[in-house]
Amino acid sequence: MTFHSLSFLLFFPVVLFLYYLLPYKFRWVLLLAASYFFYAMWNATLIFLILGVTLVSYLTALAIERSKKKGVKRLFLIVDLVVCLGSLFLFKYLNFVLDTAFSLLGKAHEGDFINLILPVGISFYTFQTLSYGIDVFKGDIAAEKHFGYYALYVSFFPQLVAGPIERPKNLLPQLRQPHPFLKENLSEGFFFLVSGFFKKVVVADTVAQYVNVVYASPELSNGCSALIATLLFAVQIYCDFSGYSEIALGTARMMGIRLMKNFDRPYLSPDIRTFWRKWHISLTSWFTDYLYKPLGGNRKGLPRQLLNIFLVFLVSGLWHGANWTFVIWGGLHGMYLIGYQLLQKPLSAFQKKTKLYSALIGTVTFALVCFAWIFFRSESVSDACLMISRLFSGWQEGCVEQAFRFMELDLRSILTVSLCILSLFPLDRLTKKKSFADDNHTIGVAYSTCLLLFAIAFAWLIALQSGAENTFIY
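The structure presented is a predicted model; accordingly, all values stated were derived computationally and were not measured.

## Let's talk about the overall build of the chain
In step 1: The number of helices and strands found in the chain is 19 helices and zero strands.
In step 2: By the burial criterion, 52% of the 474 residues in the chain qualify as buried.
In step 3: The long-range fraction of contacts in the chain, counting pairs at least 24 apart against all pairs at least 6 apart in sequence, stands at 75%.
In step 4: Working note: accessible area of the chain is about 22600 Å², and carbon and sulfur atoms make up 68% of it.

## Looking at the nonpolar core
In step 1: Judged by nonpolar contacts, the single largest core of 130 residues is most densely connected at Phe157 and Trp373.
In step 2: Broken down by element, this core gets its largest block of residues, 16 residues, from helix H10 (residues 223–253).

## Some points on the pattern of salt bridges
In step 1: If you walk through the whole model with that rule in mind, you get twelve salt bridges.
In step 2: Three or more residues joined by partner-sharing salt bridges are found here, namely Arg167, Asp289 and Lys293.

## Here we look at the packing of helix H2 (residues 27–40) against helix H3 (residues 47–66)
In step 1: Put simply, H2 and H3 touch, their axes get as near as 9 Å, and they point 135° apart. Between H2 and H3, the angle is such that the two are oblique. Residues Tyr36, Tyr39 and Ala40 of H2 lie in contact with H3, whose contacting residues are Ile47, Ile50, Leu51 and Thr54.
In step 2: Looking at side-chain class alone, the contact of H2 with H3 contains six nonpolar, one polar and no charged residues.

## Things to note about the confidence of the model for the chain
In step 1: Looking at the chain as a whole, its pLDDT mean stands at 86, while 88% of the residues score no less than 70.
In step 2: By mean pLDDT, helix H19 (residues 439–466) is the weakest element of the chain at 54, and helix H6 (residues 147–155) is the strongest at 95.
In step 3: Overall, residues 464–468 carries pLDDT values under 50, and its contacts beyond four positions in sequence, including any with other chains, amount to one contact.

## A word on unusual backbone geometry
In step 1: Phi at histidine 179 takes a positive value of approximately 50°, unusual for a residue other than glycine.
In step 2: Along the chain, histidine 179 falls in the loop between helix H8 (168–176) and helix H9 (183–216).
In step 3: Histidine 179 sits in the buried class, given a relative accessible area of 9%.
In step 4: The phi dihedral of glutamate 408 falls on the positive side, at around 55°, and the residue is not glycine.
In step 5: Relative to the helices and strands, glutamate 408 resides in the loop between helix H17 (399–407) and helix H18 (411–431).

## Overview of the packing of aromatic side chains
We describe a pair of aromatic rings using the distance from one ring centre to the other and the angle between the two ring planes.
In step 1: The tally for this structure, following the rule as stated, stands at 46 aromatic pairs.
In step 2: Seen from their ring centres, phenylalanine 124 and tryptophan 319 are 5.1 Å apart, and the 75° between their planes marks the pair as edge-to-face. With phenylalanine 124 in helix H5 (residues 122–138) and tryptophan 319 in helix H13 (residues 302–320), this residue pair connects regions lying 195 residues apart in the sequence.
In step 3: Lysine 70 extends its terminal NZ or CZ atom over the ring of phenylalanine 137, reaching a point 4.7 Å from the ring centre.
In step 4: Above the face of the tryptophan 319 ring, lysine 92 is positioned so that its terminal group lies 5.6 Å from the ring centre.

## Structural notes on the environment of tyrosine 290
In step 1: As for its placement among the helices and strands, tyrosine 290 is situated in helix H12 (residues 281–292).
In step 2: Take tyrosine 290: its relative accessible area is 11%, and that puts it in the buried class.
In step 3: Remark: the alpha-carbon pair of tyrosine 290 and isoleucine 134, spanning 156 residues in sequence, is separated by 8.3 Å.
In step 4: A distance of 2.8 Å separates a polar atom in the side chain of tyrosine 290 from a polar atom in the side chain of aspartate 135.

## A short note on the side chain of aspartate 135
In step 1: For aspartate 135, the position within the fold is in helix H5.
In step 2: Although aspartate 135 is buried, it forms no salt bridge, and the closest oppositely charged side chain is lysine 138 at an N-O distance of 4.6 Å.
In step 3: In contact with aspartate 135, other than residues within four places in its own chain, are Asp140, Ile141, Pro168 and Tyr290.

## A word on empty space enclosed by the protein
In step 1: Scanning all chains against the criterion turns up one cavity of 30 Å³ or more.
In step 2: Taken as a whole, the largest cavity encloses approximately 60 Å³ of empty space.
In step 3: Around the largest cavity sit Tyr19, Tyr24, Arg27, Trp28, Leu31, Leu152, Gln174, Leu175, Gln177, His179 and Ile257, which together line it.
In step 4: Contributing elements (two or more residues each) for the lining of the largest cavity: H2 and H8.
In step 5: Of the residues that constitute the lining of the largest cavity, the class distribution is seven nonpolar, three polar and one charged.

## Side note on the environment of asparagine 308
In step 1: Inspection of the secondary structure assignment puts asparagine 308 in helix H13.
In step 2: Among the residues examined, asparagine 308 registers a relative accessible area of 1% and is labelled buried.
In step 3: Setting aside residues up to four positions removed in sequence, asparagine 308 forms contacts with Tyr292, Leu295, Gly296 and Gly297.

Here is what the cut-offs are and how they apply
Residues numbered from 1 in each chain as written. Predicted model: local features only at pLDDT ≥ 70, side-chain atom pairs only at ≥ 80, totals over all residues. Heavy atoms only, no water. Helix = DSSP H or I, 4+ residues; strand = E, 2+ residues; numbered from the N terminus. Buried < 20%, exposed > 50% of the residue type's maximum accessible area, 1.4 Å probe, protein only. Contact = heavy atoms within 4.5 Å. Areas by Shrake-Rupley, 256 points an atom, 1.4 Å probe, with all protein chains shown as cover. Core = buried A, V, L, I, M, F, W, Y, C linked by side-chain atoms within 4.5 Å. Salt bridge = Lys/Arg side-chain N within 4 Å of Asp/Glu carboxyl O. Axes fitted to C-alpha atoms, helices over the stretch in contact; angles between N-to-C directions. Parallel < 35°, antiparallel > 145°, perpendicular 65-115°, else oblique. Nonpolar A, V, L, I, M, F, W, Y, C, P; charged D, E, K, R; others polar. pLDDT = per-residue confidence, 0-100. Phe/Tyr/Trp six-rings, centres within 6.5 Å; stacked < 30°, edge-to-face > 60°. Lys NZ or Arg CZ within 6 Å of the ring centre and 35° of its normal. Polar contact = N/O pair within 3.5 Å; in protein donor to acceptor, adjacent residues only side chain to side chain. Lys, Arg positive; Asp, Glu negative; His and termini not counted. 1 Å grid on protein atoms, 1.4 Å probe; cavity = no way out; pocket = protein on both sides within 12 Å on 5 of 7 lines; lining within 4 Å. Points joined across faces, edges and corners; volume = space filled by probe spheres on them.

This is the structure we're talking about:
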């Protein structure tokens, strides 16, 4: 089941109605059953995997809390880490590691070594179980005694598949609260829900068709088509992933549960460090707290800090996918952050002196982010290198007209894409608001919602005619 499917549009209203109909002490049963049903719609057999990881994490956390000796606590934490990370490695990375090893040995191998289905959302719910176990070990939170509530924390359907990665101290207490019916929660949640649908169905899926043409055949592209496709992919992945996050946020908010914000207009960032404070916020903060700081953070001198930054972003790249393209993407961002760290003082001095220079640094930041997206989007490192070579050399005479023909961009398509992108600016300003309680803003939200609903209905009609449905890509 996907958020933008007809089944979800039937599933969620029923869950929401029953949620407010039931006494609050029984709501966890409904939400847990709904979450497992939501996940089972992808693949019912994988329910046993998430249930097994949840059970091991739950039991080891209880053992950690009850143990008196530090060594015993550490032993149970290791068991938790081995099971959680081992499951992630087995299903997501084992074939990648074996393929890399065979390549280094000069031995050819076609296909996967082990034919396993990649469980949807495994990277997200694994990180939630890890943060829970580590927080209990550190004494930051108490172990959850009620298995049902903990299982719901791990599998809560709005953020199960693609985040945000919630911390136990934020989500677990909310699952126990009564959450009376409030129309403010309903209106705010509905707006975020519709905003997310708009970003995904209208914007991301519109630009995706032009991105796919170029990245499917990089050998046929030129400099202009490579540039347009890369810029449009920056729009696509932002709208795709932030759209999912807003649907998750809106779905939970309608039930009175507040998930953390995952995006904050990242492409308007003045520098690369700010970009990573605004892009996939839940993942950035997770790596900061559970990898960067344990490695030493900035406490052991500048060389060690720079090494820690680079290692964290290599791991971040690998977390996104078992492919060298993702590793290179993460490595590039690691080098960007290292460069910014080394140049931070002179850059900040210039930024304070002139707004023009600040705008220039912001433009350079966006260009660097888009350059790294080439590796993220390409199917292989060779395809990425081909795209880069086209980007810097394929600017022969008539390349603009050639690019438009290749990408099937006519005047109507250009206007449609332009309107989609321009619509993001007022939309992001509205979603940045923390509250929709005042009357004037409620009127604005109602008006915007009507426009968005119309746009989504129109987009779904087009999709139904073409028989196409684009899944979330992040």
